[in-house]
Amino acid sequence: MKKLALISGLILLTSCASDSDSVKTVNTDLKVKGQVGSAKLGLDNDNVAILQEEKQAQDELNIQEAVNMRLKDEANHYHGELRECLSYLADKRLGGNGKIPDLPDIDNLQAETDTTEEFGQTEDGSLKVVKKTSFIHKLKNARSYDKSLRAMTKLLSKQNDQCQMDLEIARNKAGLPGKKTQAQGYFNEKGNWVETKKGESNLNDAFEIQSDNSAKGSN
């Protein structure tokens, strides 16, 4: 039986293999003279001192994707903090105009890697959907995504720092503490949280807490 016989599926995304996709022979010959971290220090065939690091291809991609997940979480963290800060500043009670500025989009930073998809019957008679993606393209896109996430995180962090400073000034002008009021409490013997002081989760809470504190101070 022919391999992948009776192929009748739809190719969703296609890309032609280029010379850059071909696997080439890599010269790893090295007269090792020492070790620097995970890299070997040695002399190549031209007697040039180089640092050479070798990793299994799958490990390189897995590590990069794990790094990207951490970087995405960090970018999301600053994105969330900035969005909340800008929503506070937009509130008319703090002198805002009621409009939240647009934030940079962090969901479209990653370039898609072309994938081919085929449906058919394999030589053992089973029906399968076969997806193929260029490894080198996926690795390059993952590394490019790394750089984009780092740049975006730096931008969001800088904007968030400035926003927090502006927010502290606006809150003080409105008679509120510069920083959000944090909830206070303790865990009882059953492991349940017992709140002794209400925290602030939005601007309504901030004004309510401030009003309660003022009322207690006047008594």
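This text goes with the structure placed above it.
Every value quoted in this text rests on a predicted model; they were computed, and no experiment measured them. (Residues numbered from 1 in each chain as written. Predicted model: local features only at pLDDT ≥ 70, side-chain atom pairs only at ≥ 80, totals over all residues. Heavy atoms only, no water.)

Draft legend 1. Local environment of helix α2 (residues 135-173). When the terminal C-alpha atoms of α2 are compared, their 56 Å separation across 39 residues agrees well with the 57 Å that a helix rising 1.5 Å per residue should span. Immediately beyond the C-terminal end of α2, within one or two residues, lies Gly175, with a positive phi of roughly 85 degrees. (Helix = DSSP H or I, 4+ residues; strand = E, 2+ residues; numbered from the N terminus. Expected span 1.5 Å × (residues − 1).)

Draft legend 2. Structural view of the side chain of Asn160. By secondary structure assignment, the location of Asn160 is in helix α2. The class of Asn160 is buried, set by a relative accessible area of 3%. In this view, Asn160 contacts Tyr78, Glu81, Leu82 and Cys85; residues no more than four positions away in its chain are not counted. (Buried < 20%, exposed > 50% of the residue type's maximum accessible area, 1.4 Å probe, protein only. Contact = heavy atoms within 4.5 Å.)

Draft legend 3. Layout of the packing of aromatic side chains. Tallying each qualifying case throughout the model produces one aromatic pair. Ring geometry for Phe187 versus Trp193: centroids 5.1 Å apart, planes at 65 degrees, classification edge-to-face. Of the residues examined, Phe187 reaches a relative accessible area of 59% and is grouped as exposed. (Phe/Tyr/Trp six-rings, centres within 6.5 Å; stacked < 30°, edge-to-face > 60°.)

Draft legend 4. Local environment of the nonpolar core. In terms of nonpolar packing, the biggest core is built from 19 residues, with Leu82, Leu94 and Leu203 touching the most fellow members. Looking at this core, the elements that each hand over two or more residues are α1 (57-90), α2 and α3 (203-218). It is α2 that contributes the most residues to this core, seven residues altogether. Look past the residues within four positions of Leu82 in its chain and what remains in contact with it is Leu103, Leu156, Gln159, Asn160 and Cys163. (Core = buried A, V, L, I, M, F, W, Y, C linked by side-chain atoms within 4.5 Å.)

Draft legend 5. Unusual backbone geometry, seen in detail. The residue Asn47 is not glycine, and still its phi comes out positive at about 65 degrees. You can see Asn47 is positioned in the loop between β2 (39-43) and β3 (49-52). Residue class for Asn47 comes out exposed when judged on its relative accessible area of 54%.

Draft legend 6. Representation of the state of the cysteines in the model. Counted under the stated rule, the structure contains one disulfide. Here Cys85 pairs with Cys163 through a disulfide, and the sulfurs are 2.1 Å apart. Between Cys85 and Cys163, the disulfide has an S-S torsion of -110 degrees and is therefore left-handed. Separated by 78 residues along the polypeptide, Cys85 in helix α1 and Cys163 in helix α2 bring together distant segments of the chain. An identical accessibility class is assigned to Cys85 and Cys163; each is buried. (Disulfide = S-S within 2.5 Å.)

Draft legend 7. Quick peek at the sheet that holds β3. In spatial order, the strands read β1-β2-β3; together these three strands make up an open sheet with antiparallel pairing. What marks the edges here is a single partner per strand, and that holds for β1 (31-36) and β3. Neighbouring strand axes in the sheet, compared pairwise and without regard to direction, differ in orientation by 30 degrees on average. Here β2 pairs with β3 via four bridges, running antiparallel. Each bridged residue has a counterpart across the sheet, and for Gly42 the counterpart in β3 is Ile50. (Pairing = 2+ DSSP bridges. Axes fitted to C-alpha atoms, helices over the stretch in contact; angles between N-to-C directions.)

Bear in mind that shape data such as this cannot, by itself, settle questions of function.
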